[in-house]
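Overview (structure and organization)
The residues making up each chain are set out below.
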Amino acid sequence: MKYLIGNHKMNLSGSELTAYFKELKKVAKQSENYVGVCVPYVYLPLANKMCKKSKVHFGSQNMYFQPKGAFTGEISANMLKEFNTELVILGHSERRALFGETDELINQKLITTLKEGFTPILCIGETKEERESKQTNKVLKKQLVGALKGVEASALNKMFFAYEPVWAIGTGISATKQDAEKTIKHVKETIAKLYDLTNLDNIIVLYGGSLNSKNVNDILSQPHIDGGLIGGASLKVDEFKKLIDYKG
Ligand code: 13P
């Protein structure tokens, strides 16, 4: 079984999403894979209504760690819970680059999501410059150490990790299957080392970055890649279906 999770980012209107969920529910019903979609906050009530009693898991693209208070524009765990939100994307590279999210902030959010019973999707990834200067493993380790501070080993199988090389996001140029496999294996080994684990099986790592119907078979066939976090190719059910229908 693979995990196929869409990140809609800031796309689709409410009416488009209504039609989308109607189709996606049928696709998910026929699939043996795990199907998820992370929508903008304002569509969580819609997702809750439409995905109830279906195989579609849904979630948000962010969350704030404080329970309540003077945090204009932010959304708390309880607010997400009100609409049965299950997944929460944290530390997406767009949040890091455009909205200044730090490893420390992401760590606070990760601890809160785990405590509140969500399934966080922690995103990590290197930029083009970092890759070209051979800093990839160092950058990923720093992001992992920063985000996982104070997180117990028992939480590792209650969350997803997503390796999303920044240079591959929205560019149409995905990592090669060899590169993605090598880096994801390294991510799993890095996490295992941090926790003194010998078994990598409980660590789920998705690949994200221009995953589409043309490269999905290649990339998901790799032994350490557990699934995908999908942007553009998740916005139309017809295209997303081709990824969801992956058979290993
Ligand atoms: P794309 O699939 O559009 O490259 O986006 C990937 C991503 O950022 C998912 O979180």
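Computed from a prediction, not measured in an experiment: that's the story for all the values here.

**Concerning the overall build of the chain**
From N to C terminus, the chain includes ten helices and eight strands. Based on the C-alpha atoms only, the size of the chain along its principal axes is roughly 45 × 45 × 30 Å. Within the span of the chain, comprising 248 residues, buried residues form 52% of the whole. In the chain, of all internal contacts separated by at least 6 residues, the share reaching a separation of at least 24 is 72%. Here the chain has roughly 12300 Å² of accessible surface; of this, 52% comes from carbon and sulfur atoms. Each charge class in the chain can be summarised by its mean position, and for the 34 positive and 27 negative side chains these summaries are 4 Å apart.

**With respect to the site of the ligand**
The full set close to the ligand counts 13 residues, and Lys9, His92, Gly170, Ser210 and Gly232 are the nearest of them. Taking His92, its side chain carries an N or O atom lying 2.7 Å from an oxygen atom of the ligand. Here the ligand, which alone exposes 310 Å², has 94% of that area covered by the protein. When its residues are assigned to classes, the shell around the ligand shows four nonpolar, seven polar and two charged.

**Remarks on the pairing of strand β7 (residues 205-208)**
Side-chain alternation along β7 places Val205 and Tyr207 on one buried face and Leu206 and Gly208 on a second face that is also buried. In this sheet, β7 lies alongside strand β6 (residues 160-163) in parallel orientation, the contact comprising three bridges. Bridge pairing links Ala162 to Leu206 in β7. Once the chain exits β6 it traverses helix α8 (residues 177-194) before rejoining the sheet at β7, and the crossover so formed is right-handed. Pairing of β7 with strand β8 (residues 227-230), which is carried by three bridges, proceeds in the parallel orientation. Looking at β8, one finds that Tyr207 is bridged to Gly228.

Basis of the calculations
- Residues numbered from 1 in each chain as written.
- Predicted model: local features only at pLDDT ≥ 70, side-chain atom pairs only at ≥ 80, totals over all residues.
- Heavy atoms only, no water.
- Helix = DSSP H or I, 4+ residues; strand = E, 2+ residues; numbered from the N terminus.
- Buried < 20%, exposed > 50% of the residue type's maximum accessible area, 1.4 Å probe, protein only.
- Contact = heavy atoms within 4.5 Å.
- Areas by Shrake-Rupley, 256 points an atom, 1.4 Å probe, with all protein chains shown as cover.
- Lys, Arg positive; Asp, Glu negative; His and termini not counted.
- Charge placed at Lys NZ, Arg CZ, Asp CG, Glu CD.
- Near = heavy atom within 4 Å.
- Polar contact = N/O pair within 3.5 Å; in protein donor to acceptor, adjacent residues only side chain to side chain.
- Nonpolar A, V, L, I, M, F, W, Y, C, P; charged D, E, K, R; others polar.
- Pairing = 2+ DSSP bridges.
- Right-handed = clockwise from strand over helix to strand, strands pointing away.

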